[in-house]
Amino acid sequence: MPFYVYIIQSQVDQSYYKGFSENPPKRLVQHNAGECTYTSRKTPWVLVYVEEIQSKRDALIREKVLKKYAHKQIQSLILNERNIVKNFGSSAG
């Protein structure tokens, strides 16, 4: 079963949140429903980046790396071929 690291962007202030999930579209719904304290004040969020990773361990490591990325690095990543957000349909905003 694959795991995913994802980046969502707040439509309020354009900030990014990075996380990991087995189901990024479902996780986006949770963020937008206010189920996550950290992101609840900046809804709505849009899914802008998804990367598939084969193990939970590697996904958690990758998430930790992404959390250190600067705004410009994230913007470059969104344009990168690794980004499979288009595979998640209209939930990607």
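Look above for the structure.
Let me sum up the structure you'll find in this document. (Residues numbered from 1 in each chain as written. Predicted model: local features only at pLDDT ≥ 70, side-chain atom pairs only at ≥ 80, totals over all residues. Heavy atoms only, no water.)

1. Considerations on the overall build of the chain
How we decide: Where helices and strands are cited, they refer to DSSP runs of H or I of at least four residues and of E of at least two residues respectively, numbered from the N terminus. Here the globule rule is a power law, 2.2 Å times the number of residues to the power 0.38, and the radius of gyration is based on C-alpha atoms. The classification of residues rests on relative accessible area computed with a 1.4 Å probe and restricted to protein chains. Under 20% of the type maximum is buried, over 50% is exposed, and intermediate values are partly exposed. The contact criterion used is simple: two residues touch if any of their non-hydrogen atoms lie within 4.5 Å. The accessible surface values rely on the Shrake-Rupley method and a 1.4 Å probe; as for residues, cover is taken only from the protein chains in view. Residues scored as charged are limited to Lys and Arg (positive) and Asp and Glu (negative), so that His and the chain ends carry no count. Charge positions come from single atoms, namely NZ of Lys, CZ of Arg, CG of Asp or CD of Glu.
If you tally the helices and strands in the chain, you get three helices and three strands. Start at the N end of the chain and walk to the C end: the helices and strands fall as β-β-α-β-α-α. Rg of the C-alpha trace for the chain: 12 Å, near the compact-globule value of 12 Å for 93 residues, within the 12% margin. Each principal axis of the C-alpha distribution contributes one length, and for the chain these read about 30 × 30 × 25 Å. Taking all 93 residues of the chain together, the buried fraction comes to 42%. Of the contacts formed within the chain by residues at least 6 apart in sequence, a portion of 63% connects residues at least 24 apart. In the structure as shown, the chain presents an accessible area of about 5600 Å², 51% of it carried by carbon and sulfur atoms. The chain carries 14 positive and 8 negative side-chain charges, and their two centres are separated by 6 Å.

2. A look at the nonpolar core
The condition that has to hold: By nonpolar core we mean a set of buried residues, namely Ala, Val, Leu, Ile, Met, Phe, Trp, Tyr and Cys, connected to one another through side-chain atoms within 4.5 Å.
Core analysis: the largest hydrophobic core is formed by 12 residues, namely Phe-3, Val-5, Ile-7, Tyr-16, Val-46, Val-48, Tyr-49, Ile-53, Ala-59, Leu-66, Ile-74 and Leu-77. Of all the secondary structure elements, the ones that give two or more residues to this core are β1 (3–10), β3 (45–53), α2 (56–66) and α3 (71–79). Take this core: its biggest share by element is four residues, from β3. Other than its neighbours up to four places away in sequence, Ala-59 contacts Phe-3, Val-5, Phe-20 and Ile-53. Formed by 11 residues, the second largest nonpolar core is a distinct cluster that contains Tyr-6, Trp-45, Leu-47 and Phe-88.

3. As for the pairing of strand β2 (residues 16–21)
To keep it simple, the criterion reads: By definition, two strands form a pair when at least two bridges between them are found by DSSP.
Counting buried positions along β2 yields five of six residues, so the element is predominantly enclosed. In this sheet, β2 lies alongside β1 in antiparallel orientation, the contact comprising six bridges. In the strand pairing of β2, Gln-9 is matched with Tyr-16. Linking β1 back to β2 in an antiparallel pair, the connection comprises five residues, with Gln-14 at a positive phi of about 65°.

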